[in-house]
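Residues per chain, in single letters:
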Amino acid sequence: MSKQIPLINRYDEAVELLPYNLRAPARLIDEADKATAEEFRLRMGQAPTIVQSEGERPFASGQVTVKELTAVLEIASAVSAHAVRDSMKRGYITAKGGFRVGLGGQTAIRDGEVSGFTHLGSAAIRITKEILGLSDGLLPQLKAQGALQSTLILSPPGGGKTTVLRDLIRRCSHDGHRVAVADERGELAALRDGAPQMDVGPRTDILTGCPKAEAVLMLLRAMNPEIIAMDEITAPADTGALEHAANCGVILLATAHGQGLEDLKRKPMYRRLLRKGLFRRLVTVKKGPGGRSYIVTEMGEQLC
Amino acid sequence: MLSLIGAVLVIGATATFGLASLWRMGARVRILSALIATLETMKSEICDRMTPVPELVDKLSEEAPPPVDMFFCKLRQAMGEIGIRSFYFLWKAALLASPELELRDPEREALIALGQSLGRYDAAEQRDAFTYTQRRLESYLRHAEEERAKQGKVHAALGITVGVFVVIILL
């Protein structure tokens, strides 16, 4: 699983989300570092940093200012905070190209709900990666008697589960399956003017910007999918929608935050998923000094 | 005969000045009305349809009434500089580079101030900013209409009168 070919490095696109004065220093770093870069981090009054698997290091001198953080917000939201209000309420914006920009700072509250930010304090620009063929070695292990099994991909935040899921979608789509993607944040396909900016295969239908649970039900009704994919199960409504889809005979591909099966069992929402036997395979992504490894577990009812 | 031709030319020239002044006042009224209507479109697109600002600028550069469309053309060309300069800077620069809008300082300042809210806040706050700017422009429009009604005809009549007066003196 260490063979990761070909890597579509979207570092240069991510650099475009930085304020103008930080783009040149970000472009100056080594190509090897660019390939392993995971995030840009801007924190008010601190040096801007780049996050890699081995940690975080500054990539430019000077301290991040409010002007630079405001510029990030303006670029990421395409000068349209009103259009990204719902995601801003959840603390992030999905920028053009499917890059997730996390925001921190002082929130504004209106009618008891977070309505945005009054002062930005930090921004995390996640560098999206496409690794075509990443799931090639995984796929045979996700099948039983030649048929793909519903699979849950597990890792802590930033572990790379979205990258695995995207490649699984691409591969299944190329293999002739009709795949429907509930891409609420636009990170899987990065739909733009109706066309995906990332390779998710030729037989893939995408619903983006719509809450995941609702999207699953809409896709189920409208697109007659063989496979439904969803990134990050985070709410009971998501599990309910997946359960409904599974009852309709659809294969599920999804991701969740967690360290492993035992961690999953401790969380009531996931325990219910496990008890229902919705997923037959579990892929745990582990980050190590030599890169990422992928452990596939067959999930039987005895595990639940 | 020559004197008659001269007299007609003098009166024609001074009358043209007067009528041009009347025409400018009319144009100002038309442009302010067009700007107010465009702000209403922007308010509806941003606050109700959540249209992203770059998309709206594109649309208005093609669909806004002239010469407001020219202002949005300039803004559209500048939008590539987002990240290098703030949207507010680009909005302000496009307004300052649009003499065809025939704006007076307070009108221009009202529109420049709107740029500080555009795309930066949620829909409700932007709606407030649009409403405030529209009210200000409506007050300037009323003033421009009064000016046209009161002074427009005076300017035209004055142009002709001055011409006649000059002709009488010269004769």
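Everything below is about the structure printed above this text.
Everything quoted here is computed from the prediction, not taken from an experiment.

1. A short note on the overall build of chain A
Across its full length, chain A holds 10 helices and 19 strands. A globule of 304 residues ought to have a C-alpha radius of gyration of about 19 Å, and chain A, at 19 Å, matches this closely. With respect to the principal axes defined by its C-alpha atoms, chain A has extents near 60 × 50 × 40 Å. Among the 304 residues that make up chain A, the fraction classed as buried is 44%. Of all intrachain contacts in chain A linking residues separated by at least 6 positions in sequence, the fraction that spans at least 24 positions is 60%.

2. Overview of the sheet that holds strand β2 (residues 39-43) of chain A
Note on sheets: strands pair through backbone hydrogen bonds, and any given pair is parallel or antiparallel. Residues and elements named next belong to chain A. Pairing within the open sheet is antiparallel, and its six strands lie in the order β4-β3-β2-β7-β6-β5. For this open sheet the edge positions go to β4 (55-58) and β5 (92-95), each flanked by a neighbour on one side alone. Ignoring strand direction, the axes of neighbouring strands in this sheet form an average angle of 35 degrees. Pairing geometry for strand β6 (residues 99-110) and strand β7 (residues 113-126), over 10 bridges, is antiparallel. Residue pairing for β7: G104 is matched across the bridge by S122. Relative to β7, helix α4 (residues 66-76) is tilted by about 95 degrees, and along the sheet it contacts β2, β5, β6 and β7.

3. Quick look at the packing of helix α7 (residues 212-223) of chain A against helix α8 (residues 236-247) of chain A
All names here are of chain A. Their axes nearest at 8 Å, the elements α7 and α8 cross at an angle of 15 degrees. On the basis of the axis angle, α7 is roughly parallel to α8. Here the hand of the crossing between α7 and α8 comes out left-handed. Between α7, through K212, A213, V216, L217 and L220, and α8, the contact on the second element is made entirely by A237, D238, G240, A241, L242, H244 and A245.

4. With respect to the sheet that holds strand β19 (residues 291-298) of chain A
Residues and elements named next belong to chain A. Taken together, the seven strands give an open sheet; going across it, the order is β15-β12-β16-β17-β11-β18-β19, and neighbouring strands pair in mixed fashion. Pairing within the sheet leaves two strands with one partner each, and these edge strands are β15 (204-208) and β19. Strand-to-strand, the axes of this sheet are offset by a mean angle of 20 degrees, without reference to chain direction. In this sheet, strand β17 (residues 251-257) lies alongside strand β11 (residues 151-155) in parallel orientation, the contact comprising five bridges. The residue bridging S155 from the neighbouring strand is H257, located in β17. Lying over the sheet, α8 contacts β16 (227-230) and β17, oriented at roughly 160 degrees with respect to β17.

5. Thoughts on the environment of R192 of chain A
Tracing the chain through its elements places R192 of chain A in strand β13 (residues 191-192). Taking the C-alpha atoms as reference points, R192 of chain A and M223 of chain A, separated by 31 residues in sequence, lie 20 Å from one another.

6. Description of the nonpolar core
Within the largest apolar cluster, 69 residues are counted, with the highest numbers of intra-cluster contacts made by L17, V72, V101, A123 and I125 of chain A. Ranked by the residues each element gives to this core, the list is headed by helix α1 (residues 2-48) of chain B, at nine residues. Setting aside residues no more than four positions away along its own chain, V72 of chain A makes contact with L17, P19, L42, V101 and A123 of chain A. Listed in part, the 48 residues of the second largest apolar core include V164, I206, I227 and F279 of chain A.

Here is what the cut-offs are and how they apply
- Residues numbered from 1 in each chain as written.
- Chains lettered and ligands numbered in written order.
- Predicted model: local features only at pLDDT ≥ 70, side-chain atom pairs only at ≥ 80, totals over all residues.
- Helix = DSSP H or I, 4+ residues; strand = E, 2+ residues; numbered from the N terminus.
- Rg over C-alpha atoms; globule rule 2.2 N^0.38 Å.
- Buried ≥ 20, exposed ≤ 12 C-beta atoms within 10 Å, placed from the backbone.
- Contact = placed C-beta atoms within 7 Å.
- Pairing = 2+ DSSP bridges.
- Axes fitted to C-alpha atoms, helices over the stretch in contact; angles between N-to-C directions.
- Parallel < 35°, antiparallel > 145°, perpendicular 65-115°, else oblique.
- Left-handed = near helix turned anticlockwise from the far one by under 90°.
- Core = buried A, V, L, I, M, F, W, Y, C linked by C-beta atoms within 7 Å.

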